[in-house]
Amino acid sequence: MPRTPSRRTALQGLAAAGAAVVGFDPFTRSWAATGTDRRPLAGLPPLDGSVHTDDASLTADADDYGHIVHRRPAAVLRPGSVRDVVAMVRFCNEHGVSVAPRGQGHATQGQAQVDGGLVIETAPLASIGPVGPGSTTVTVGAGARWSQVAHATLAHGLTPPTFTDYLELSVGGTLSVGGIGGQTHQQGAQVDNVTELQVVTGAGDLVRCSPTRHRDLFHAVLAGLGQCAIIVGATLRLVPAPETVRHYLLPYDDLRTFLDDQRLLVEEGRFAYVEGQVTADADGAFNGYVLEAVAYGPPAGPAPDDTRLLRGLRHDPAGVQTSDLGYYDFLDRLAPSVAALKEAGLWAFAHPWLNLLLPGRSTAALAESLLADLTPADLGPGVVLLYPVLRQNLHTPLLRTPDDRVSYLLAVLRTTPPEDTASVDRLLAANRAAYDTVHAAGGTHYPVGSVPFGAADWREHFGPAYRRLATARHTYDPRGILVPGQGVF
């Protein structure tokens with residue numbers, strides 16, 4: 001089980017990094033190492049972990065999975081404890097230094113980068129609290145990956161209710177944006193399955209918050225893009241886990257039929273997991289559809305009955321693929337593909353992703369129009385996802401969804417060479433144009449992608465929730481030092 005590192009010597013640096021950072025020069029607004037500067041320094045607080053200014057650390061944290069935006073920090077904190085986060089946020093607040101937490105670096109447009117500020121790597125904060133067979137929750141560090149949480153809870157027959165498709169993301173990272181996946185139509189997003197948070201505010205206060213304690217802060221942090229506080233721990237809801245699942249891939253050749261059958265399944269709650277993909281034909285037209293559905297077996301559900309589960313669906317029966325999988329094997333089904341992408345060098349490509357929530361009433365027309373403009377060259381070796389979520393199970397105020405009972409997530413997960421900056425810029429512009437079209441029809445931006453956004457866009461995005469977010473920002477991060485890369489304020 002991952003554990004928070006034991007206390008280390010204050011300001012101990014890596015040997016390869018050269019001299020340890022010992023202070024901040026308020027005149028040059030730079031971090032200083034032993035013997036590098038004779039001016040009086042603002043000394044760093046005692047730390048269990050370490051602060052780094054070596055080129056390798058700064059370069060790594062000036063990049064992310066998007067490989068599009070590069071904002072170079074002035075320093076990187078690798079905390080040895082939550083106390084380190086508190087101490088360094090207080091220090092940065094005092095000196096007006098911007099701060100951003102970084103989990104697995106899976107952002108696509110520099111959201112967790114900070115130019116000239118401090119990046120806090122949360123990966124060391126990966127503790128996972130005790131779990132037993134009767135547990136209804138588990139408390140974990142913000143740096144814990146969802147794969148680690150799943151392993152720890154499955155040892156006792158339990159599981160978080162909702163997962164994103166890729167498990168190697170940090171808990172703190174997905175809770176800052178939402179955490180939508182194939183179980184969301186039944187179980188809500190990951191942010192809807194949190195009972196308590198431990199956070200460090202922009203003022204450097206360590207606070208526990210929940211729906212009944214510091215409620216305003218709790219709701220400002222979940223899906224709040226890091227604007228009010230840094231998540232350092234979370235208590236997650238647990239439910240009984242199945243031992244095995246039955247996985248179905250159902251092909252369709254008509255968009256509206258595909259969407260209607262997806263809607264039927266989520267409204268009836270027939271499957272625990274529902275997603276879908278859109279594929280291109282030999283001529284490059286995106287007109288093939290695959291409905292992906294998963295039924296949980298005992299003890300979480302009954303033994304799957306194909307006849308009952310597939311009754312009334314209008315897929316092509318000749319193309320159905322069915323497989324029985326262990327539950328964790330299903331959750332981690334992307335692992336072989338990710339390994340292949342990394343081996344081929346495609347993980348290091350640019351990822352100008354487009355992630356939009358479409359109102360159900362307009363999804364067919366919007367998807368038809370957006371897919372008509374998409375080419376295989378612009379998608380690259382990426383994928384297109386299209387699947388529904390039910391608004392009634394989404395309760396987090398800052399996770400903005402269309403005003404419709406059923407919404408559909410359209411995710412165009414593009415992959416393109418990063419050195420082709422002209423293509424990257426063109427795809428970002430296309431993302432913005434797609435967002436404008438969807439927004440005009442009542443759709444929203446799911447903020448894990450790469451849509452150029454300014455402060456006015458965010459104000460409109462959050463709508464009636466914006467005032468409460470702005471008030472919380474003023475209350476809990478009065479100097480506005482947290483996560484400037486989002487561009488919300």
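Higher on the page you've got the structure.
First, a word on scope: everything that follows refers to the structure included in this document.

About the thresholds
- Residues numbered from 1 in each chain as written.
- Predicted model: local features only at pLDDT ≥ 70, side-chain atom pairs only at ≥ 80, totals over all residues.
- Heavy atoms only, no water.
- Helix = DSSP H or I, 4+ residues; strand = E, 2+ residues; numbered from the N terminus.
- Rg over C-alpha atoms; globule rule 2.2 N^0.38 Å.
- Contact = heavy atoms within 4.5 Å.
- Areas by Shrake-Rupley, 256 points an atom, 1.4 Å probe, with all protein chains shown as cover.
- Lys, Arg positive; Asp, Glu negative; His and termini not counted.
- Charge placed at Lys NZ, Arg CZ, Asp CG, Glu CD.
- Phe/Tyr/Trp six-rings, centres within 6.5 Å; stacked < 30°, edge-to-face > 60°.
- Lys NZ or Arg CZ within 6 Å of the ring centre and 35° of its normal.
- Salt bridge = Lys/Arg side-chain N within 4 Å of Asp/Glu carboxyl O.
- Buried < 20%, exposed > 50% of the residue type's maximum accessible area, 1.4 Å probe, protein only.
- Pairing = 2+ DSSP bridges.
- Axes fitted to C-alpha atoms, helices over the stretch in contact; angles between N-to-C directions.
- Core = buried A, V, L, I, M, F, W, Y, C linked by side-chain atoms within 4.5 Å.
- Disulfide = S-S within 2.5 Å.
- Parallel < 35°, antiparallel > 145°, perpendicular 65-115°, else oblique.
- Left-handed = near helix turned anticlockwise from the far one by under 90°.
- Nonpolar A, V, L, I, M, F, W, Y, C, P; charged D, E, K, R; others polar.

Helices and strands together make up the secondary structure of the chain, namely 15 helices and 21 strands. Taken against the 2.2 N^0.38 rule, which gives 23 Å for 489 residues, the C-alpha radius of gyration of the chain at 23 Å falls within 12% of a compact globule. Overall size of the chain, expressed as C-alpha extent along the three principal axes, is 75 × 55 × 45 Å. A fraction of 72% describes how many contacts in the chain between residues 6 or more apart in sequence connect residues 24 or more apart. When the accessible surface of the chain is summed, it comes to about 19400 Å², and 52% of that surface belongs to carbon and sulfur atoms. For the chain, the separation between the mean place of its 38 positive charges and that of its 48 negative charges on side chains is 9 Å.

Okay, the packing of aromatic side chains next. For any pair of aromatic rings, the description consists of the separation of the ring centres together with the inter-plane angle of the planes. Within this structure, the stated rule accounts for 13 aromatic pairs. Ring centres 5.5 Å apart and planes at 75° place the aromatic pair Tyr248 and Phe271 in the edge-to-face group. Of this pair, Tyr248 sits in strand E14 (residues 244-252) while Phe271 sits in the loop between helix H7 (255-268) and strand E15 (273-280), and the two are 23 residues apart along the sequence. Following the ring pairs from residue to residue traces out a cluster consisting of Tyr65, Tyr166, Trp347 and Trp353. Here the guanidinium or amino end of Lys342 rests over the ring plane of Trp347, the centre of that ring lying 5.1 Å away.

Here we take up the pattern of salt bridges. Counting across every chain of the model gives 20 salt bridges. With a shortest N-O distance of 2.9 Å, Glu121 and Arg78 are connected by a salt bridge. Taken together, the residues Glu121 in strand E7 (residues 118-121) and Arg78 in strand E5 (residues 75-78) connect sequence positions 43 residues apart. Judged by relative accessible area, which is 16%, Glu121 ranks as buried.

Now for the sheet that holds strand E11 (residues 206-209). One open sheet accounts for 4 strands, arranged E8-E12-E10-E11; its pairing is antiparallel. Edge strands, defined here as strands with exactly one partner in the open sheet, are strand E8 (137-141) and E11. Ignoring which end each strand starts from, the neighbouring axes of this sheet average 20° apart. Relative to strand E12 (residues 229-237), strand E10 (residues 194-201) runs antiparallel, the two sharing 7 bridges. By the bridge assignment, Leu197 is partnered in E12 with Ala234.

By the secondary structure assignment, Ser176 is in the loop between helix H4 (171-175) and helix H5 (184-187). On the basis of relative accessible area, Ser176 is assigned to the buried category, the value being 17%. Setting aside chain neighbours within four positions, we find Ser176 in contact with Val221, Ala223, Gly224, Leu225 and Ile231.

Next up on the list: the nonpolar core. Most often, soluble globular proteins have nonpolar side chains that are buried together. Ranked by internal contacts, the top residues of the largest apolar core, which has 114 residues, are Leu175, Leu197 and Leu236. Ignoring sequence-local partners within four residues, the contact set of Leu175 consists of Trp146, Gln190, Val191, Val194, Leu197, Val221, Leu222, Ala223, Ile231, Ala234 and Leu236. Membership of the second largest hydrophobic core comes to 28 residues, among which are Leu47, Val86, Val200 and Leu482.

With that settled, consider the state of the cysteines. This structure, assessed with the given rule, holds 0 disulfides. Looking at Cys209, it has no disulfide partner, and the nearest cysteine sulfur is the one in Cys228, 10 Å off. Using a relative accessible area of 0% as the deciding quantity, one classes Cys209 as buried. Classification of Cys228 by relative accessible area gives buried; the value is 1%.

Either a parallel or an antiparallel arrangement is found when strands of a sheet pair, and the pairing is made through backbone hydrogen bonds. With mixed pairing, the 4 strands of this open sheet are ordered in space as E4-E5-E7-E6. Both outer strands of the open sheet, strand E4 (50-52) and strand E6 (99-102), are each paired with one neighbouring strand and no more. Pairwise comparison of adjacent strand axes, ignoring direction, gives a mean angle of 25° for this sheet. Of the pairings in the sheet, the one linking E5 to E7 comprises 3 bridges and is parallel in character. Opposite Val76, over in E7, you have Val119 as the bridge partner.

The next point concerns unusual backbone geometry. Of note, the bond from Pro298 into Pro299 is cis; its omega dihedral lies within 30 degrees of zero at 0°. Turning to its location among the elements, Pro299 is positioned in the loop between strand E16 (286-296) and helix H8 (306-310). In this model, Leu225 sits at a positive phi of 60°, which is unusual for a non-glycine residue. Among the secondary structure elements, Leu225 is positioned in the loop between helix H6 (215-221) and E12. Of note in this structure, Val483 is not a glycine but carries a positive phi near 50°. Looking at the element boundaries, Val483 is found in the segment after helix H15 (466-476).

Now for the packing of H7 against helix H11 (residues 363-372). Here H7 crosses H11 at 135°, and the two axes come no closer than 10 Å. By the criterion of interaxial angle, the relationship of H7 to H11 is oblique. Seen from above, H7 lies across H11 with right-handed handedness. Across the interface between the two elements, Leu255, Arg256 and Leu259 from H7 touch Thr363, Ala364, Ala365, Ala367 and Glu368 from H11. Of the residues in the contact of H7 with H11, the class split is 5 nonpolar, 1 polar and 2 charged.

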